[in-house]
Amino acid sequence: MKNSILKYLPLLFIFLFTACEVEDIMSDDELIDAIINTEEKVLILESDLPIDAKNTMSSDIPDDFFDRGKLATQLGYQINMRTFDFFFLGAKSDDIFFDLTGRELFRSEGYNKNDDKKDDDGKDDKSDKSDKDGKKDGKKDRKKNCFFLEYPVSLELPDGSTVEVNDKKEAVESLKKWFNQNPDMKAKAGLVFPVSIYWVENKEKTKYDVESEIEMKELFAKCKGSKDKEEKD
């Protein structure tokens, strides 16, 4: 057993040395560009990601979910995300990038994130719900909703079929499954109204019944207004 462990130590050393070496000589912008442009990429599962990358996705990007992942050899990871935003269910979101250790990589301010959005043919992918304001995609830019769905709810998928889900995990898995089977579909999914939501403000929850997408958008606008006010204060 001891000999088996010792046998893999050189490989572990090489991996760590390579990761540190890349970190030392490349900025985040340069490393992201290298990951995007290299042809040496292999498809991976979400379970293949480093633990730090998984933690970042679950804690800092709760309204997006893993769609497809690629490992660029000796560079890092490019992850295609889809959103769980109520108005863009299943639509493509911003790609995120990690180095080999699982540290998230960020673009510098002023960078146009459209340049990171390419489809499988290398062309610009404009079918997503990504933030195109050119700001640095840091944690502070990821605003969370003021309200949350009460489950169960029904989702209407782009082909007109519906599925009832009992929690967010089931909803995400249903969307993942459908879009994996229909990767070229540009349409989004949607909620089947009416739904109930919990509005959270000052750590207090208030329940509302929402009859239509228009009412949901009004709540979203109210939420955005309150968040903007908090930032100014």
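Coordinates for the structure precede this section.
Throughout what follows, the structure given in this document is the object of discussion. (Residues numbered from 1 in each chain as written. Predicted model: local features only at pLDDT ≥ 70, side-chain atom pairs only at ≥ 80, totals over all residues. Heavy atoms only, no water.)

**Re a negative patch on the surface**
Heads up, the condition is: Candidates for patches are residues over 30% relative accessible area with no salt bridge; among them, like charges are joined within 9 Å and nonpolar side chains (Val, Leu, Ile, Met, Phe, Trp, Tyr) within 5 Å. Note on areas: Shrake-Rupley, 1.4 Å probe, and residue coverage restricted to the protein chains presented here. For salt bridges, the criterion is a side-chain nitrogen of Lys or Arg within 4 Å of an Asp or Glu carboxyl oxygen. In summary, the charge assignment counts Lys and Arg as positive and Asp and Glu as negative, without counting His or the chain termini. Where a charge lies is defined by one atom per residue type, namely NZ (Lys), CZ (Arg), CG (Asp) and CD (Glu). Per the convention used, a helix needs a DSSP run of H or I reaching at least four residues, while a strand needs a run of E reaching at least two, with both numbered from the N terminus. Summary of the burial criterion: residues with accessible area below 20% of their type's maximum are buried, those above 50% are exposed, and those between are partly exposed, where the area comes from a 1.4 Å probe applied to protein chains only.
The grouping of D209, E211, E215 and E218 at the surface amounts to a negative patch. Here D209 is to be found in strand β11 (residues 204-210). By relative accessible area, D209 is classed as exposed at 53%.

**Some thoughts on helix α4 (residues 168-181)**
The condition that has to hold: Here a helix's expected span is defined as the number of its residues, less one, multiplied by 1.5 Å. Pairs of residues are marked as contacts when any of their non-hydrogen atoms sit within 4.5 Å.
Taking 1.5 Å of rise per residue, 14 residues should cover 20 Å, and α4 covers 20 Å from first to last C-alpha, within 8% of that figure. Taken together, the buried positions of α4 are occupied by A171, V172, S174, L175, K176, W178 and F179. Looking at the buried residues of α4, the elements they touch are β2 (64-72), β3 (76-83), β7 (153-156) and β8 (162-165).

**Focus on the nonpolar core**
Defined as follows: In this text, buried Ala, Val, Leu, Ile, Met, Phe, Trp, Tyr and Cys residues form a nonpolar core when linked through side-chain atoms within 4.5 Å. Either an automatic procedure or a domain database provided the assignment from which the domain bounds are taken.
In terms of nonpolar packing, the biggest core is built from 26 residues, with F147, L149, L155, L175, L191, I197 and M216 touching the most fellow members. Looking at this core element by element, the count peaks at 5 residues for α4. If you count residues domain by domain, this core takes at least three from each of domain 1 (28-105) and domain 2 (147-227). Ignoring anything within four residues of it in the chain, the contact list for F147 reads F86, I197, Y198, W199, M216, L219, F220 and C223. Among the nonpolar cores identified, the runner-up in size contains 11 residues, and A53, I61, I96 and F98 belong to it.

**Structural notes on the sheet that holds β7**
Threshold: Paired strands are those between which DSSP finds at least two bridges. To obtain an axis, a line is fitted to C-alpha atoms, over the contacting stretch when the element is a helix, and the angle between two such axes runs from 0 to 180 degrees between their N-to-C directions.
The strand order across the open sheet built from 3 strands is β8-β7-β9, with neighbouring strands paired in antiparallel fashion. Sheet topology places β8 and β9 (190-191) at the edges, where each strand pairs with a single neighbour. Relative to β8, β7 runs antiparallel, the two being bridged by 4 bridges. Residue pairing across strands places E156 opposite T162, the latter belonging to β8. Lying on the sheet, α4 is in contact with β7 and β8; it crosses β8 at an angle near 150 degrees.

**Quick word on the pattern of salt bridges**
Following the criterion strictly, the structure yields 10 salt bridges and no others. A salt bridge links D67 to R82; the nearest nitrogen and oxygen atoms lie 3.2 Å apart. Here the residue D67 occupies a position in strand β2, and R82 occupies one in strand β3, the gap between them amounting to 15 residues. The exposure classification of D67 matches that of R82, with both residues buried. One salt bridge connects E173 with K176, and the closest N-O pair in it is separated by 4.0 Å. One end of the pair, E173, and the other, K176, are both in helix α4, 3 residues apart, so they sit about a helical turn from each other. What makes E173 partly exposed here is its relative accessible area of 41%. Connected through salt bridges with shared partners, the residues D28, D99 and R103 form a single ionic network.

Shape is all these values report; function is a separate question.
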